[in-house]
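# Structural overview
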Amino acid sequence: MNRVLVIAPHPDDEVIGCGGSIAKLAQSGAEVTVVIVIRRERGSRDHAVTDEEFATETADACRVLGVKRYITLEEPSRDFAVDRRLHLAVVRLLREVRPDRVYVPHRDDGDAEHQAVHRLALEALWMAQSDFFEEAGPPAPPPSLVLGYEIWAPLAQAQYTEDVTAQIDLKVEAMQCYRSQLRHAAWDEAVRGLASYRAVTSTGRGHSEAFEVIRVSGSPV
Ligand SMILES: [Zn+2]
């Protein structure tokens, strides 16, 4: 497995959801591309942070994890809406990267924008294989694995876990690159805690990331 595409609603969701897996895949030689769909919505504590600093956070986190390329679509938050233009952007990316493995937010995430990006990703995956959107290039083969990751709501039933014991420190370090977000909450401690819980309830020790299995080779998206 060589090419991986991570579709994230907001900056930092890629780290929270599958940062350990990204680092593990990158270490094994995979080319990981991250696409962040929605621009950061500023909170009252973010006034001192410039757009440039926000952008630096994502660049720093991707460097820590070994991400080959990241793309930000800069969609507006709050009035975020999926339209043809956005479908086309994601389809174009899927046809260009032709990923073997895709990561998206899981279907039961509690955040409305996470849910919207889950649906956008699944629709785009289907469209990328179809004859539609000729302007975005020839159809891409379906990825052999599509996994749904945890951000704002844990999965009621984890269908697949990835052992990231050797990568947990990189995941926490990548989370700490999002300095603006740590002002709101201790996400660096939270990602380590959830990974510990996921490992304890699967293999018994270490750190893991849990996923919904959305598609495995041979099944429809
Ligand atoms: Zn988010």
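These numbers were taken from a predicted model, which means no experiment stands behind them.

Here we come to the overall build of the chain. Along the chain, the regular secondary structure elements total 7 helices and 7 strands. Secondary structure elements of the chain, listed N to C terminal, follow the sequence β-α-β-α-β-α-β-α-β-β-α-α-α-β. The C-alpha atoms of the chain give a radius of gyration of 16 Å, which matches the 17 Å a tight globule of 221 residues would have. Dimensions of the chain along its principal axes, counting C-alpha atoms only, are 45 × 45 × 30 Å. A buried classification covers 52% of the 221 residues belonging to the chain. When contacts within the chain are restricted to residue pairs at least 6 apart in sequence, those whose partners lie at least 24 apart make up 80%. With an accessible surface of roughly 10200 Å², the chain has 50% of that area assigned to carbon and sulfur atoms.

Around the zinc ion, the protein supplies His10 (ND1), Asp13 (OD), Asp13 (OD) and His114 (NE2) as donor atoms, at distances of 2.1 to 2.6 Å. Because the angles between the 4 donor atoms bound to the zinc ion fall within 53 to 139 degrees, the donor set is best described as irregular. As a motif over one chain, the donors of the zinc ion read H-x2-D-x100-H. On the criterion of sequence distance, the pair formed by His10 in the loop between β1 (3-8) and α1 (13-27) and His114 in helix α4 (residues 112-129) is long-range, its members being 104 residues apart. Classification of His10 by relative accessible area gives buried; the value is 14%.

Here we come to the side chain of Ser130. Position of Ser130 relative to the elements: it lies in the loop between α4 and β5 (145-149). At 3.1 Å, the side chain of Ser130 forms a polar contact with the backbone nitrogen of Phe132. Look past the residues within four positions of Ser130 in its chain and what remains in contact with it is Arg95 and Pro139.

This next bit is on the nonpolar core. Of all hydrophobic cores here, the largest spans 33 residues; its most connected members are Val6, Ile22, Val32, Tyr103 and Tyr149. Counting only elements with at least two residues in this core, the list comes to β1, α1, β2 (31-38), α2 (51-65), β5, α5 (168-177) and α7 (187-200). For this core, the element with the most residues is α1, which contributes 6 residues.

Spatially, 7 strands are ordered β3-β2-β1-β4-β5-β7-β6 in an open sheet, and the strand pairing comes out mixed. The open sheet is flanked by β3 (69-75) and β6 (160-163), the only strands paired with a single partner. With direction set aside, neighbouring strand axes in the sheet form an average angle of 25 degrees. The sheet strands contacting helix α3 (residues 84-97) are β1, β2, β3 and β4 (101-105), and the helix crosses β3 at an angle near 175 degrees.

Further remarks concern the packing of α1 against α5. Viewed as axis vectors pointing N to C, α1 and α5 meet at an angle of 125 degrees, and their least axial separation amounts to 9 Å. Classed by the angle they form, the pair α1 and α5 counts as oblique. The crossing of α1 and α5 is right-handed. Contacts from Val15, Ile16, Gly17, Cys18, Gly19, Gly20, Ala23 and Gln27 in α1 reach Leu170, Lys171, Ala174 and Met175 in α5. Across the contact of α1 with α5, the residue classes break down as 7 nonpolar, 4 polar and 1 charged.

A separate point is the side chain of Glu75. By the secondary structure assignment, Glu75 is in strand β3. With near-sequence residues (within four places) excluded, Glu75 lies in contact with Val37, Ile38, Arg39, Phe80, Arg85 and Leu86.

On to the pattern of salt bridges. It is possible for side chains bearing opposite charge to pair when their charged atoms get close. Applying the stated criterion to the full structure yields 14 salt bridges. The salt bridge involving Glu31 is made with Lys68; its shortest N-O contact spans 3.6 Å. Residue Glu31 is located in strand β2, and its partner Lys68 is located in the loop between α2 and β3; the two are separated by 37 residues in the primary sequence. Residue classification places Glu31 among the partly exposed residues on the basis of a relative accessible area of 38%.

Parameters at a glance
Residues numbered from 1 in each chain as written. Predicted model: local features only at pLDDT ≥ 70, side-chain atom pairs only at ≥ 80, totals over all residues. Heavy atoms only, no water. Helix = DSSP H or I, 4+ residues; strand = E, 2+ residues; numbered from the N terminus. Rg over C-alpha atoms; globule rule 2.2 N^0.38 Å. Buried < 20%, exposed > 50% of the residue type's maximum accessible area, 1.4 Å probe, protein only. Contact = heavy atoms within 4.5 Å. Areas by Shrake-Rupley, 256 points an atom, 1.4 Å probe, with all protein chains shown as cover. Donors = N, O, S within 2.8 Å, 3.2 Å for Na, K, Ca; no water. Tetrahedral: all angles 85-135°; square planar, octahedral: opposite > 155°, others 65-115°. Polar contact = N/O pair within 3.5 Å; in protein donor to acceptor, adjacent residues only side chain to side chain. Core = buried A, V, L, I, M, F, W, Y, C linked by side-chain atoms within 4.5 Å. Pairing = 2+ DSSP bridges. Axes fitted to C-alpha atoms, helices over the stretch in contact; angles between N-to-C directions. Parallel < 35°, antiparallel > 145°, perpendicular 65-115°, else oblique. Left-handed = near helix turned anticlockwise from the far one by under 90°. Nonpolar A, V, L, I, M, F, W, Y, C, P; charged D, E, K, R; others polar. Salt bridge = Lys/Arg side-chain N within 4 Å of Asp/Glu carboxyl O.

Everything listed is a geometric property; what it means functionally is a separate question.
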